[in-house]
Amino acid sequence: MLPNKTLASSNDSVAGTKLIKDRLTIAPCSNADGTHKLPLFVIGKSKKPRAFKNINLSSLPVYYRSQKSAWMDSNLFKSWFIDEFVPSVEKYLKQKNLPVRALLLLDNAPSHPSEEELVKEDIKAIFLPPNVTSLIQPMDQGVIEWLKRRYRRKYISSILEKSEEGFNIFESMKSLNIKDAIYTIADSWEEIKPDTLQKSWRKLWPEVMTESDQIEDEQNNDTQEIIKDLQSVQPNFPASEVEEWIVQCDKNCETSENLNDDQIITAVLENNGEETVNEDSDGDADEPPTQISHTDAKNAFDIALQYIEQSSTSTPMDILWIKKWRNIAAKSRITFSKQKSITDFFSK
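Residues numbered from 1 in each chain as written. Predicted model: local features only at pLDDT ≥ 70, side-chain atom pairs only at ≥ 80, totals over all residues. Heavy atoms only, no water.

Under an unreviewed UniProt entry, the name given to the protein chain is Jerky protein-like, and the source organism is Aphis craccivora.

Following this line, the structure appears as structure tokens:
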């Protein structure tokens, strides 16, 4: 959602501006010195949203799972611990020639399994005491807020980019889907720096912290950039509304649920049966999927490569990355062409 007092509310009655009400739950995780960030754990309502068509889910820049309310639950968390956290930590420690030992520090949320369930050899979880999450839990010491600010800065930029192509604000918002949101939040997580993550441990483990005001400085920069972008659309946009939007707009969103005994039994029975998910939650059910050909991909990468080579801000890694995928597309095109020729030969 956008800041709604100034920019959004005056257009609420515009025809065709009903927005998709999908939601995502995000769980960040990193080590204390900020050198190992796991892909974000993202939970959506749909097992395979329409926006994911023709996408290899394993190539997403996040660990994506679904739950009917897009909430964290103990089954999802345990799967993440076994399938994502443990292998990632083991790989990192072995690369650093360190003993394979680690503690996962968790708040005392009802959606987390017991400590006894979150153990694999010397990798295990421990819980903070109740009611101290906001006081000492590292991710709550500026990291999540930083992530929200950076995401919203990119979100506003995406909307304004669409508006420059002729869309109005609400058309721009409606055109963005779950895939866009996932890539944007993953990009934001990628940009967070080790110093920012280190400082989040200042209350729990002061020795690991570096002296830096980076979190506050970057948060202020993001806020100012959002204000600047919004004022490019509507001059004199109030800065106070942006700050309120950043901090308050999802403050009351639930990310997990407290279940009584009957609800737990129902949830277990549902998990043992077929999963029911809405696969069309963020798109037009009649919209045909688009399959990009190898030739079109190769040509697009050729143009992208020329653009990046001419840019004064590009890096050698940028060029090599684009060139790698350009070569993959070119090779796939040749392979596909040969296969087609053989098929045509035998069909004659």
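Q: What is the right way to look at the confidence of the model for the protein chain in this model?
A: In low-pLDDT regions, the fine details of the predicted coordinates are not to be read closely. In the predicted model, the protein chain carries a mean pLDDT of 80, and the fraction of residues at 70 or more is 74%. Under a pLDDT of 50 for its full length, residues 8–17 has, in the predicted model, ten contacts with residues more than four places off or in other chains. Within the model, the stretch residues 273–280 combines pLDDT values under 50 with 13 contacts to residues more than four positions away or in other chains. (pLDDT = per-residue confidence, 0-100. Contact = heavy atoms within 4.5 Å.)

Q: Hey, could you run me through the packing of helix 4 (residues 143–164) against helix 6 (residues 178–191) in this one?
A: The packing of two helices is summarised by the inter-axis angle and the distance between the axes. The N-to-C vectors of helix 4 and helix 6 enclose an angle of 125°; their axes lie 9 Å apart at closest approach. The angle between helix 4 and helix 6 places the two elements in the oblique class. Both helix 4 and helix 6 take part in a crossing whose hand is right-handed. Within the contact between the two elements, helix 4 uses Val143, Trp146, Leu147, Arg150, Tyr151, Lys154 and Tyr155 and helix 6 uses Ala181, Thr184, Ile185, Asp187, Ser188, Trp189 and Glu191. In the contact of helix 4 with helix 6, the residues fall into eight nonpolar, two polar and four charged. (Axes fitted to C-alpha atoms, helices over the stretch in contact; angles between N-to-C directions. Helix = DSSP H or I, 4+ residues; strand = E, 2+ residues; numbered from the N terminus. Parallel < 35°, antiparallel > 145°, perpendicular 65-115°, else oblique. Left-handed = near helix turned anticlockwise from the far one by under 90°. Nonpolar A, V, L, I, M, F, W, Y, C, P; charged D, E, K, R; others polar.)

Q: I would appreciate a short explanation of helix 4 in the present structure.
A: Look at helix 4: 32 Å from first C-alpha to last across 22 residues, which is about the 32 Å you get at 1.5 Å a residue. Buried within helix 4 are the following residues: Val143, Trp146, Leu147, Arg149, Arg150, Arg152, Lys154, Tyr155, Ile156, Ile159 and Leu160. A positive backbone phi angle near 110° is found at glycine 166, which sits one or two residues after helix 4. (Expected span 1.5 Å × (residues − 1). Buried < 20%, exposed > 50% of the residue type's maximum accessible area, 1.4 Å probe, protein only.)

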